[in-house]
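Now for the letters of each chain:
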Amino acid sequence: MSTPHRLILSLAGILISGSVLAVQPPEPPQPAVAPAAASTRVNYSTNTGGEGYALVDSGKDNITMVGSNLDGEQVKRLKSSVKGSFLWFRDQGKAYLLQDPALLARIDAAWQPTQELGKQMSSLGKQMGAQGKSMGALGKQMSAQGRNQSAAARTESEQMNALGRQQGEVGRQLGQASRRQALASSDSERAAADREVEKLQAKMESLQDQMEQHGDRLAAIHDRDAASMQALSQQMKENGKPMDALGKQMQALGKQQEQASKAADKATRAIIEEALRSGKARPV
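Please read all numbers here as calculations on a predicted model, not as lab measurements.

Looking only at helices and strands, the protein has 5 helices and 7 strands in total. Starting at the N terminus and walking to the C terminus, you meet the elements of the protein as β-β-β-β-α-β-β-α-α-α-α-β. Of the roughly 13,500 Å² of accessible surface on the protein, a fraction of 51% belongs to carbon and sulfur atoms.

In structure tokens:
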């Protein structure tokens, strides 16, 4: 069974949780789900290992949808007509409804770890973006010191400023790619995401090397500001170190997310089988 790909989508816009933050691979087709309310959140997941299901949490105004053969319109109608939380699912092509509170609580608990990990991954992605912005800000400071100086100094300063902006963007892309790596729904998608992460990390290292080289050259040009410029250059080097650490943390969380998603989907499908055996699921 391949790993479910969990994304948090807002019907008023798009939010990514556990997940990512640039060039994205083509997304699988998603079932049409018309907005029930501006505050409703739809957690859409792709899983090719079984038939689809949708968990509607009335208390949180939240819908978790897994699979590629979902009937979004039927789920929407049931959400409007059924009181309380429920699980809609397919078995051998037939649609069923489960409302047993105990079974629903177990399903919700099974997915809870992936939600927590998604929040942590989103937080790391923001930190990586913020780190890139910090490096860009340092580049601007060095640029300011080089303003009104020689043409060579101005050229170095402008290049550093541009590199700082690139680092901020690459940091943002790396956060997205790491989440796609964790949430890939097939081995081919995961391999593609692995390559993308490695490519972005190499690009970040290259940009950092270029930034340090320009910083050293600019410091040499401004002899009278050498002490201040060297201090900024050192800050630039120090600010580059956390980016690699954040990337490693993202990869570690991605592996945990992959395992948690597999476990959650497996648990949900086991509960579906239990509901069918016990008669607690009714056809719709």
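From this point, the discussion proceeds with the structure in view.
This brings us to the packing of helix 3 (residues 151-183) against helix 4 (residues 187-221). Their axes nearest at 9 Å, the elements helix 3 and helix 4 cross at an angle of 160°. In terms of orientation, helix 3 lies roughly antiparallel with respect to helix 4. Here helix 3 runs over helix 4; the crossing is left-handed.

Before going further, it helps to examine the nonpolar core. If you look at the biggest cluster of nonpolar residues, it comprises 30 residues, and the most contacted ones within it are Met 128, Met 142, Met 160, Leu 218 and Met 236. Elements that contribute at least two residues to this core include exactly helix 2 (101-146), helix 3, helix 4 and helix 5 (226-278). Leaving out residues up to four positions away in the same chain, Leu 218 has contacts with Met 142, Ala 153, Glu 156, Ser 157, Met 160 and Met 229. If you look at the next biggest cluster of nonpolar residues, it comprises 17 residues, including Tyr 53, Val 66, Leu 87 and Leu 104.

Here we come to unusual backbone geometry. Phi at Gln 92 takes a positive value of approximately 55°, unusual for a residue other than glycine. Relative to the elements of secondary structure, Gln 92 occurs in the loop between strand 5 (86-91) and strand 6 (94-98).

What counts as what
Residue indices follow the written sequence of each chain, beginning from 1 at its first position. Selection of residues for local features in this predicted model requires a pLDDT of at least 70, selection of side-chain atom pairs for listing and counting requires 80 or more, and totals for whole chains, interfaces and linings are taken over all residues. In computing side-chain properties, one takes all heavy atoms of the structure into account and sets aside hydrogens as well as water. Labels follow the DSSP assignment, with helices taken as runs of H or I lasting at least four residues and strands as runs of E lasting at least two, numbered in each case from the N terminus. Accessibility throughout is a Shrake-Rupley quantity obtained with a 1.4 Å probe, and a residue counts as covered only by protein chains that appear here. To get an axis, fit a line to the C-alpha atoms, keeping to the stretch in contact for a helix; angles then go from 0 to 180 degrees between the N-to-C directions. Just so you know how the angles are binned, under 35 degrees is roughly parallel, over 145 roughly antiparallel, 65 to 115 roughly perpendicular, and the rest oblique. If you view the pair so one helix is near and one far, a crossing is left-handed when the near helix is turned anticlockwise from the far one by less than a right angle, and right-handed when it is turned clockwise. Here, nonpolar core refers to any group of buried Ala, Val, Leu, Ile, Met, Phe, Trp, Tyr and Cys residues whose side-chain atoms link them within 4.5 Å. Accessible area is worked out with a 1.4 Å probe on protein chains only. A residue is then buried under 20% of its type maximum, exposed over 50%, and partly exposed in between. What makes two residues a contact is simply this: any of their non-hydrogen atoms within 4.5 Å.

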